[in-house]
Amino acid sequence: MSTASKPDVADVHVYDTTLRDGAQQEGMNLSVADKLAIAPLLDELGVTFIEGGWPGAIPKDTEFFARAEKDLTLANAELAAFGSTRKAGGRAHTDTQVRALLDSAAPTITLVAKSDIRHVERALRTDGDENLAMIADTVAYLTDAGRRVIVDAEHFFDGYRFDPDYALRAVTTAFEAGADVVALCDTNGGMLPDWVFDIVSSVRERTDGRLGIHAHNDSGCAVANSMAAVIAGAHHVQGTVNGYGERTGNADLLAVVANLELKLEIPVLGGAGLAEVTRIAHAVSEITNIAPFARQPYIGASAFAHKAGLHASAIRVDPDLYQHIDPRKVGNDMRMLVSDMAGRASIELKGRELGFDLSGQSDLLGRVTERVKDAEANGYTFDAADASFELLLREEIAGTRPAYFRTESWRAIVEHTQQTGEVNAEATVKLHTGDVRVVSTGEGNGPVNALDAALRQSLVTAYPAIEDFELIDYKVRLLDSSHGTDAVTRVLLEMTDGQDSWSTVGVGPNILEASWEALVDSLVYGLVRHEVVPL
Ligand SMILES: CC(=O)SCCNC(=O)CCNC(=O)[C@H](O)C(C)(C)COP(=O)(O)OP(=O)(O)OC[C@H]1O[C@@H](n2cnc3c(N)ncnc32)[C@H](O)[C@@H]1OP(=O)(O)O
Ligand SMILES: CC(=O)C(=O)O
């Protein structure tokens, strides 16, 4: 396989199947409203086709197309309805499922068709000729009705490896009947890039029709296989946002389009384009309610996050030395992570990211680096707790921490009522804001919850900004389980003021002490961020 040269492609369709094949992912359940919210985002990104679902088979998809016809205006993309070729032994014009595809009013209809003779004989339980007749009849009927037809040749690669002649006949039959595109599918997702390249190249020699690629990720190669197919001459790539899909998912369409545009210099997106791809991917994650994958190529939160000190020292000279692209091209950001792997360059760049110019302050940089390494050796983790790092940095710069309050003492107790199984916790906090001594009690369904309530209550009169702060995430980890109850406990908290969020870390011999430290850092950092002056 040669990847060195740019393929001779005048244009490549970008076919999004998030709403159909993506929705086949375990745990995903898209409502009609979800689909109607995702489609405009895909259109804004500038894909060529949006496959909306299978009308006639899935009631929600039938409704989606009915509502899309009335309510959805697309500027860039064309809507595609998915379905299968007619039933064996029937006729397309009397097949109720084919009728539902026409009724969907979608301008493009994508038909899944068998191209692996083993599937024809064992799954369809018919013969090779009848399957070809099903393809020809259904494609011709729908093209005669004025629809653009795309054929998804299911199990094409497996079928071609078993019986190339039959697999090819399925493809040529579809083109002869009027199909605009035949997408070669790696349905079981087990192909490797070389195999895809060789097979697409062979098919390319036998037909002038537009070939496409539809790859699943079972061998971890879906994006690579899609690229290999384009390089071999496919002009149509299918995939899903964030790689959603059945089993291990489909080709991540966002990585595919970024590779096409940025590596092969083939412009494929018609709308807002790559600069908006990170925002749009995250907006889709919000709707699917599936947390974004931090290590997702191009758009993940960690895609341009640098942890190693050696990387940072070179990045300080030129970010391109440790990045394959400028993250701004895909709407993402470079981030520095501070940890025990940091060197002075990492601290300087992290400082710059947080708004502090530390260049030339080598003593300070050295001190902060040492403190970070010591703290991490004792269980702290700053790459997940930017706010705790910023407080440490401010302390080294100013020589002291912002003194919003002085803690005198705190305690928490838990009561478990045997009869009802109820757990109630109560905490008391004694502290000083300026010259005022405050004693507050808080209740909660657990001791940390109660401590949080008591701490806020004791501070809110002096610092009303705290009213808007809310704890949104809480994670606990025992760091050395071999020590049993002496284990060091690490707590990570995430707090928000409704607009931004920040994370802090606390470490202690037990969950309460670790939580207290993280809670205090969270509130102090929030006050610093809101530029509240200590009393
Ligand atoms: C590779 C893919 O991911 S393709 C997309 C797959 N997506 C889905 O299956 C989701 C939607 N599916 C459904 O709602 C249902 O399976 C339906 C409505 C399509 C069919 O339901 P049923 O009629 O109950 O059939 P069932 O699901 O048990 O079996 C599928 C039928 O389609 C036939 N079939 C499978 N592929 C094709 C094809 N390419 N062309 C024509 N018929 C096909 C099978 O032979 C089987 O026929 P049979 O009922 O005569 O045995
Ligand atoms: C059509 C399809 O989804 C597949 O073959 O995987």
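- As annotated in an unreviewed UniProt entry, the protein is Citramalate synthase from Occultella aeris.
- UniProt annotates the protein under Catalytic activity (unreviewed entry) with the comment "pyruvate + acetyl-CoA + H2O = (3R)-citramalate + CoA + H(+)".
- Comment text from UniProt for the protein, heading Pathway (unreviewed entry), reads "Amino-acid biosynthesis; L-isoleucine biosynthesis; 2-oxobutanoate from pyruvate: step 1/3."

## Observations regarding the overall build of the protein
Okay, step 1: Each helix and strand in the protein was counted, giving 17 helices and 16 strands.
Okay, step 2: Counting over 535 residues, the protein shows a buried share of 45%.
Okay, step 3: Within the protein, counting contacts between residues at least 6 apart in sequence, those at least 24 apart form 68% of the total.

## As for the sheet that holds strand β14 (residues 470-478)
Okay, step 1: With antiparallel pairing, 3 strands are arranged side by side in an open sheet as β14-β15-β16. Single-partner strands in this sheet number two, and they are β14 and β16 (501-508). Within this sheet the neighbouring strands show an average axis-to-axis angle of 15°, counted without direction.
Okay, step 2: Alignment of β14 against strand β15 (residues 489-496), held across 8 bridges, turns out to be antiparallel.

## Structural notes on the site of ligand 2
Okay, step 1: Looking at ligand 2, the residues that line it are D21, V112, D152, E154, C185, T187, H214 and H216.
Okay, step 2: When the residues that make up the shell around ligand 2 are grouped by side-chain class, the tally is 2 nonpolar, 3 polar and 3 charged.

## Some details on the packing of helix α12 (residues 309-317) against helix α13 (residues 344-354)
For any two helices packed against each other, one specifies the inter-axial angle together with the distance between the axes.
Okay, step 1: The contact between α12 and α13 brings their axes to 7 Å, and the two run at 60°. Overall, the two elements α12 and α13 adopt an arrangement that is oblique. Judged by the twist between their axes, the crossing of α12 over α13 is left-handed. Touching G309, A312, S313, I315 and R316 of α12 are A345, S346, E348 and L349, all from α13.
Okay, step 2: Class assignment of the residues belonging to the contact of α12 with α13 gives a composition of 4 nonpolar, 3 polar and 2 charged.

## Describing the site of ligand 1
Okay, step 1: Lining the immediate surroundings of ligand 1 are 14 residues, of which A57, S84, T85, V112 and L124 lie closest.
Okay, step 2: Among the elements that take part in the shell around ligand 1, strand β4 (residues 108-114) stands out by supplying 3 residues, more than any other.
Okay, step 3: Looking at the shell around ligand 1 residue by residue, the classes come out as 8 nonpolar, 3 polar and 3 charged.

## Quick look at the UniProt feature "domain: Pyruvate carboxyltransferase" (unreviewed entry) in the protein
Okay, step 1: UniProt's entry tags residues 12-278 with the feature "domain: Pyruvate carboxyltransferase" (unreviewed entry), counted in the numbering of this structure.
Okay, step 2: Taken end to end, residues 12-278 comprises 43% helix and 17% strand; its first and last C-alpha atoms sit 21 Å apart.

## A short note on the sheet that holds strand β12 (residues 423-433)
For sheets, the rule is that strands pair by backbone hydrogen bonds, running either parallel or antiparallel.
Okay, step 1: Pairing is antiparallel across the open sheet formed by 3 strands, whose spatial order is β11-β12-β13. The open sheet is flanked by β11 (406-416) and β13 (436-444), the only strands paired with a single partner. Geometrically, the sheet is characterised by an average inter-axis angle of 10° between neighbouring strands, direction not taken into account.
Okay, step 2: Sheet topology places β12 next to β13; 9 bridges connect them, and they run antiparallel. What sits directly across from T433, in β13, is V436.
Okay, step 3: Against the sheet, helix α16 (residues 447-459) makes contact with β11, β12 and β13, and its axis sits at roughly 145° relative to β13, the strand it touches most.

## Remarks on unusual backbone geometry
Okay, step 1: For R125, which is not glycine, the phi torsion reads 55° and is therefore positive.
Okay, step 2: Residue E265 is not a glycine yet carries a positive backbone phi of 55°.
Okay, step 3: Its location among the elements puts E265 in the loop between α10 (253-263) and α11 (277-288).

## Let's talk about helix α9 (residues 222-232)
Okay, step 1: Most of α9 is tucked away, with 11 of its 11 residues classed as buried.
Okay, step 2: Where α9 is concerned, the buried positions are A222, V223, A224, N225, S226, M227, A228, A229, V230, I231 and A232.
Okay, step 3: Phi turns positive, to about 120°, at G233, one or two residues after α9.

## Concerning the domain arrangement of the protein
Okay, step 1: Domain annotation for the protein reports domain 1 (13-288), domain 2 (305-377) and domain 3 (406-529).
Okay, step 2: On a C-alpha basis, the centres of domain 1 and domain 3 stand 51 Å from each other.

## Notes on the packing of helix α14 (residues 362-377) against helix α15 (residues 386-398)
Okay, step 1: Closest axis-to-axis distance for the α14/α15 pair is 10 Å, and the angle between their directions is 140°. The pairing of α14 with α15 is recorded here as oblique in orientation. Seen from above, α14 lies across α15 with right-handed handedness. Only L392, L393, E396 and I397 of α15 make contact with α14, whose side of the interface consists of L364, R367, V368 and R371.
Okay, step 2: Split by residue class, the contact of α14 with α15 holds 5 nonpolar, no polar and 3 charged.

Scoring rules and cut-offs
- Residues numbered from 1 in each chain as written.
- Chains lettered and ligands numbered in written order.
- Predicted model: local features only at pLDDT ≥ 70, side-chain atom pairs only at ≥ 80, totals over all residues.
- UniProt positions renumbered as here; feature names shortened; annotations may be inferred.
- Helix = DSSP H or I, 4+ residues; strand = E, 2+ residues; numbered from the N terminus.
- Buried ≥ 20, exposed ≤ 12 C-beta atoms within 10 Å, placed from the backbone.
- Contact = placed C-beta atoms within 7 Å.
- Pairing = 2+ DSSP bridges.
- Axes fitted to C-alpha atoms, helices over the stretch in contact; angles between N-to-C directions.
- Near = placed C-beta within 6 Å.
- Nonpolar A, V, L, I, M, F, W, Y, C, P; charged D, E, K, R; others polar.
- Parallel < 35°, antiparallel > 145°, perpendicular 65-115°, else oblique.
- Left-handed = near helix turned anticlockwise from the far one by under 90°.
- Domains from an automatic or database assignment.

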